[in-house]
Amino acid sequence: MTAAQTLPNTMRALLVRETGWPNRMQVAEVPRPAAQALDADSVLVRVRAAGLNFADTLSIAGSYQEKQQLPFVPGAELCGEVAAVGAGVQGLQLGERVMGQVGAGAYAEWAVVHKDRLARVPAGMPDTQAAGFYIPYGTALCALRERGRLAAGETLLVLGAAGAVGLAAVQVGKALGARVIGVSRSPAKREAVMQAGADAFVAWSSGDLKDALGKAGVDPGVDVVLDMVGGDASAAAMRCLNFEGRLVVVGFTSGQAPALRANHILVKNIDIVGCYWGPYQQLRPVQTRRAFDTLLAWYGAGLLRPQIADSVPLEGVAHALEQLACGAYAGKVVAQISIPSGASE
Ligand SMILES: NC(=O)c1ccc[n+]([C@@H]2O[C@H](COP(=O)([O-])OP(=O)(O)OC[C@H]3O[C@@H](n4cnc5c(N)ncnc54)[C@H](OP(=O)(O)O)[C@@H]3O)[C@@H](O)[C@H]2O)c1
């Protein structure tokens with residue numbers, strides 16, 4: 001373990017004492033993760049900002065696939081400074097800015113992150129962008145390039161296109177050379193989706209999506225569907241797929257995992273693939289590093305432009321998550337958690 005001196009023993013954090021939604025999550029003073037107790041592969045990060053994620057609402061409600069033991073500090077995504085590194089971590093300097101993902105614990109002044117779930121923050125990327133970059137862009141690239149095999153010249157349809165992953169996917173799809181169609185329930189989110197670089201936007205919530213695309217003057221034949229919504233939307237989007245199209249399952253903001261007809265899958269030679277970015281990083285560390293090399297090069301070239309819908313203090317996270325669960329935002333919401341730099345252990 002490498003670290004300096006005198007870190008505080010406690011920290012401010014959001015604490016979930018009982019699951020449920022709306023929840024009684026509160027800001028509390030809790031023990032700080034000890035630098036001396038770091039695993040060999042872990043990094044202690046002084047958190048500057050955290051990204052809000054739809055999955056937080058599920059985790060806090062106790063309905064997420066990865067269960068947390070009560071009480072727990074929620075939050076999956078952060079940026080901050082390296083404060084200490086485990087014995088097996090190489091190449092990271094104390095004070096260096098990093099962004100990353102954790103199973104829980106991002107809504108706190110300090111967090112422990114596995115070395116395979118971290119990337120350096122490029123100079124010039126503000127904390128607000130860095131706090132909300134790792135999960136949406138990592139997921140979008142993994143889903144489109146590794147799982148969906150999206151190729152230049154193909155057409156991508158993004159369900160939930162104005163969400164954090166959706167807007168990232170629009171930009172990643174364009175960077176991969178695809179024609180991109182963004183779908184949202186809300187016509188008011190057109191601007192955000194078009195600003196992200198979509199070739200077309202369609203406001204749709206139910207009924208025949210292929211028909212809705214046609215009526216909007218959009219060629220409805222698509223090669224890849226990126227599905228953040230689930231439920232009836234998945235089947236409606238699958239009907240838009242071309243021969244040998246791919247449906248990439250990412251999330252279920254509708255609250256329902258879809259039931260899809262095998263005969264439809266068969267007749268068009270469709271691939272249905274899942275993308276779960278969380279475990280992917282540790283199971284596929286080489287591909288994960290390659291993904292961030294690509295993403296940060298695209299960011300540097302101006303191809304990725306994270307849209308920040310709001311920035312809230314720790315005390316505002318619960319309300320913002322409620323809004324997010326209702327689909328109120330277009331883009332990413334982040335929590336500002338900075339504490340004065342300089343303390344060390
Ligand atoms: N598999 C993975 O590794 C992975 C990684 C990250 C996220 N996810 C999942 O992907 C999904 C999207 O995440 P996100 O961060 O982009 O969330 P987000 O920013 O909250 O965006 C979700 C979008 O889903 C739409 N939506 C919300 N409620 C809906 C409903 N009841 N019916 C239909 N559409 C609804 C909204 O779009 P409109 O209001 O514009 O229609 C909203 O913009 C979540 O389920 C999340 O858990 C999965």
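Scroll up for the structure.
Since the structure is predicted, the reported quantities are computational estimates derived from the model, not experimental observations. (Residues numbered from 1 in each chain as written. Predicted model: local features only at pLDDT ≥ 70, side-chain atom pairs only at ≥ 80, totals over all residues. Heavy atoms only, no water.)

*Asks:* So, unusual backbone geometry: which residues are in play, and what are the values?
*Replies:* P71 follows L70 through a cis peptide bond whose omega is -15°. Along the chain, the position of P71 falls in the loop between α1 (54–61) and β5 (77–85). The backbone phi angle of E244 is positive, close to 65°, even though this residue is not glycine. Within the element layout of this structure, E244 appears in strand β13 (residues 241–249). The phi angle at N269 is positive, at roughly 50°, despite the residue not being glycine. By the element assignment, N269 lies in the loop between α8 (262–267) and β14 (271–274). (Helix = DSSP H or I, 4+ residues; strand = E, 2+ residues; numbered from the N terminus.)

*Asks:* Outline the site of the ligand, listing residues and values.
*Replies:* The environment of the ligand is made up of 23 residues, and the closest members are A164, S184, R185, C275 and W277. Within the side chain of K189, one N or O atom sits 2.9 Å away from an oxygen atom of the ligand. For the ligand, the accessible surface in isolation is 910 Å², of which the surrounding protein chains cover 88%. Of the residues in the shell around the ligand, the class split is 14 nonpolar, seven polar and two charged. The residues that make up the shell around the ligand include at least three from each of domain 1 (2–133 + 306–336) and domain 2 (137–278). (Near = heavy atom within 4 Å. Polar contact = N/O pair within 3.5 Å; in protein donor to acceptor, adjacent residues only side chain to side chain. Areas by Shrake-Rupley, 256 points an atom, 1.4 Å probe, with all protein chains shown as cover. Nonpolar A, V, L, I, M, F, W, Y, C, P; charged D, E, K, R; others polar. Domains from an automatic or database assignment.)

*Asks:* Residues and numbers for the pattern of salt bridges, please.
*Replies:* A full pass over the atoms with the stated rule returns 15 salt bridges. A salt bridge links D127 to R48; the nearest nitrogen and oxygen atoms lie 3.1 Å apart. Of this pair, D127 sits in helix α2 (residues 127–131) while R48 sits in strand β4 (residues 42–51), placing them 79 residues apart in sequence. The network of salt bridges with common partners includes R46, R48, E81, R97 and D127. (Salt bridge = Lys/Arg side-chain N within 4 Å of Asp/Glu carboxyl O.)

*Asks:* A description of the pairing of strand β12 (residues 222–227) should follow, citing residues and the corresponding values.
*Replies:* Burial analysis of β12 places six of its six residues in the buried class, which makes it a mostly covered element. One ladder, built from four bridges, connects strand β9 (residues 155–159) with β12; its direction is parallel. Its bridge partner lying in β12, V158 is registered against L226. Judged from the five bridges that link them, β12 and β13 form a sheet pairing that is parallel. (Buried < 20%, exposed > 50% of the residue type's maximum accessible area, 1.4 Å probe, protein only. Pairing = 2+ DSSP bridges.)

*Asks:* So what about the side chain of T288? Which residues, and what values?
*Replies:* For T288, the position within the fold is in helix α10 (residues 285–300). Looking at T288, the relative accessible area reads 4%, which means it is buried. Reaching out from T288, the side chain makes a polar contact with the backbone oxygen of R284 at a distance of 2.8 Å. Each residue touching T288, except ones within four places of it in the same chain, is listed here: D116, Y134, W277, Y280 and Q281. (Contact = heavy atoms within 4.5 Å.)

*Asks:* Residues and numbers for the pairing of β5, please.
*Replies:* Along any regular strand, the residues point their side chains to alternate faces of the sheet. In terms of burial, β5 is largely enclosed, as nine of its nine residues are buried. Taken together, the five bridges between β5 and strand β6 (residues 97–101) define a ladder with antiparallel strand orientation. Looking across to β6, one finds that E81 is bridged to R97.

*Asks:* I'd like a rundown of the packing of aromatic side chains, residues and numbers included.
*Replies:* Throughout the structure, instances matching the rule amount to six aromatic pairs. Note on F133 and Y137: the rings are 4.4 Å apart at their centroids and 15° apart in plane angle, and the pair reads as stacked. We note that F133, like Y137, is buried. An aromatic cluster of three or more residues is present, and its members are Y134, W277, Y280 and F292. R32 extends its terminal NZ or CZ atom over the ring of W110, reaching a point 5.7 Å from the ring centre. (Phe/Tyr/Trp six-rings, centres within 6.5 Å; stacked < 30°, edge-to-face > 60°. Lys NZ or Arg CZ within 6 Å of the ring centre and 35° of its normal.)

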